[in-house]
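Geometric and topological summary
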Amino acid sequence: MTLKSYDTLPDESVFVRTDVFVEEQGFKEEFDDIDDISTHIVAFDLDKPVGNVRFFFDRNKGKYIIGRLAVLKNYRSFGVGAMLIKEAERLAKEKGASEICLHSQVQAKQFYIKQGYTEFGEQDFDEDCPHQWMKKNL
């Protein structure tokens, strides 16, 4: 498994996110302006993109935010998601982050807890899907 980072939204990220969030989970508003200000990290199995995450600095919150973590169904449970999170944390720390946040789907909360994240704030909804804000000190 290899990782590659991009300063613009690559086709490989579009492929993974469309497969996971649009086709599998039914989200409609997957791509947004945040893609334009994010660093995108793609995991490859040989030349095939199998996972994606993005991170960006949110000026309003004054924090780095991880988002859009997606791994193709056949590659889950092999550590790809954890690898992507660790790389996003490493790169954000290089940019000066001391804390990083994410807006997790509630069904994925346990994965992020295993990565060292803790919940904060109230649960809310994104496209009718329950989400929870989480954070981690770097």
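This text goes with the structure placed above it.
In what follows, the accompanying structure is described. What you see is a predicted model, and the numbers here were worked out from it, not measured in a lab.

All right, on to the environment of Gly116 then. Considering the arrangement of structural elements, one finds Gly116 in the loop between α3 (109-114) and β6 (118-126). Taking C-alpha positions, Gly116 is 6.3 Å from Lys136, a pair spaced 20 residues apart along the chain. For Gly116, the residues in contact, after removing those within four places along its chain, are Lys135 and Lys136.

What follows covers the nonpolar core. Judged by nonpolar contacts, the single largest core of 29 residues is most densely connected at Phe55, Ile66, Leu84 and Tyr117. Looking at this core, the elements that each hand over two or more residues are α1 (11-24), β2 (39-45), β3 (48-58), β4 (63-71), α2 (80-94), β5 (99-105) and β7 (129-137). Leave out the neighbours within four places in its chain, and Leu84 touches Leu3, Ile41, Val42, Ala43, Gly51, Asn52, Val53, Leu69, Ala70 and Val71.

Along a regular strand, successive side chains alternate from one face of the sheet to the other. The pairing of β5 with β7 spans 7 bridges and is classified as antiparallel. Of the residues in β7, the one forming a bridge with Glu99 is Asn137. In the sheet, β6 pairs with β7 via 6 bridges, with the strands oriented antiparallel. Along β7, the bridge assignment pairs Glu119 with Met134. Remark: 2 residues form the turn of the hairpin made by β6 and β7, two consecutive strands paired antiparallel; Glu127 in that turn has positive phi of roughly 50°.

Okay, α2 next. With 15 residues, α2 extends 21 Å from end C-alpha to end C-alpha; this agrees with the ideal 21 Å at 1.5 Å per step. Along α2, the residues classified as buried are Val80, Gly81, Ala82, Leu84, Ile85, Glu87, Ala88, Glu89, Leu91 and Ala92. Positive phi appears at Gly96, one or two residues downstream of α2, with a value of about 110°.

Analysis parameters
- Residues numbered from 1 in each chain as written.
- Predicted model: local features only at pLDDT ≥ 70, side-chain atom pairs only at ≥ 80, totals over all residues.
- Heavy atoms only, no water.
- Helix = DSSP H or I, 4+ residues; strand = E, 2+ residues; numbered from the N terminus.
- Contact = heavy atoms within 4.5 Å.
- Core = buried A, V, L, I, M, F, W, Y, C linked by side-chain atoms within 4.5 Å.
- Buried < 20%, exposed > 50% of the residue type's maximum accessible area, 1.4 Å probe, protein only.
- Pairing = 2+ DSSP bridges.
- Expected span 1.5 Å × (residues − 1).

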